[in-house]
Amino acid sequence: MAMTLRARDIMSAGVQCVGAHQTLLDAAKMMRDMNVGCLPICGDNNRLMGLITDRDIVVQCCAEGIDPATVQAGSLDGALHWIDAEAGANEVLETMETHQIKRLPVIDVKGGHQLVGMITEANLAKNLSDEQIAEFASRVYAGAS
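So, here is what we can say about the structure in this document. If you're wondering where the values come from, they're calculated on a predicted model, not measured in any experiment.

What counts and how
- Residues numbered from 1 in each chain as written.
- Predicted model: local features only at pLDDT ≥ 70, side-chain atom pairs only at ≥ 80, totals over all residues.
- Heavy atoms only, no water.
- Pairing = 2+ DSSP bridges.
- Helix = DSSP H or I, 4+ residues; strand = E, 2+ residues; numbered from the N terminus.
- Contact = heavy atoms within 4.5 Å.
- Axes fitted to C-alpha atoms, helices over the stretch in contact; angles between N-to-C directions.
- Disulfide = S-S within 2.5 Å.
- Buried < 20%, exposed > 50% of the residue type's maximum accessible area, 1.4 Å probe, protein only.

**Describing the sheet that holds strand β1 (residues 12-13)**
Part 1 of the reasoning: Spatially, the 4 strands line up as an open sheet ordered β1-β7-β6-β5, and their pairing is mixed. Whereas interior strands pair on both sides, the edge strands pair on one side only; in this sheet they are β1 and β5 (83-84).
Part 2 of the reasoning: Across 6 bridges, strand β6 (residues 103-108) lies against strand β7 (residues 114-120) in antiparallel orientation. Looking across to β7, one finds that Asp108 is bridged to Gln114.
Part 3 of the reasoning: Strand contacts of helix α4 (residues 89-98): β5, β6 and β7, with the helix running at about 135° to β6, the strand carrying the most contacts.

Structure representation (structure tokens):
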């Protein structure tokens, strides 16, 4: 069954972006209010530019003594990996395993290249087989240091 699932079937929809020009304080408040640990960063054209995590804010800003109200979210964007909404579950797993990532933005390529959702570990746990989840965990966490 899981083999026929697409990224669109696995993802959580209704993802909100933090604007690239918004501050890290804004991002932190959004994360708190939405009870999430990660937000997509979108540019002025409303296109995905990157992801920011609560850990990014703490490690790259707060721990350095920098006021999060003075740093734009877009300044923390880094390598960005995403998946087409029509991609199969195996491609989702392969992308997340290859890049050792725990969150994957979902883009509707045919629908104007818009961000339509996010796939997290919780989404995988709800939608994939125990074997697939075990393989994901071993491949993503085995190389983590």
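**As for the state of the cysteines**
Part 1 of the reasoning: A full pass over the atoms with the stated rule returns 1 disulfide.
Part 2 of the reasoning: Residue Cys17 pairs covalently with Cys42 via a disulfide, S to S 2.1 Å. Of this pair, Cys17 sits in the loop between β1 and β2 (18-19) while Cys42 is found in strand β3 (residues 38-42), placing the two residues 25 residues apart along the sequence.
Part 3 of the reasoning: A relative accessible area of 4% places Cys42 in the buried class.

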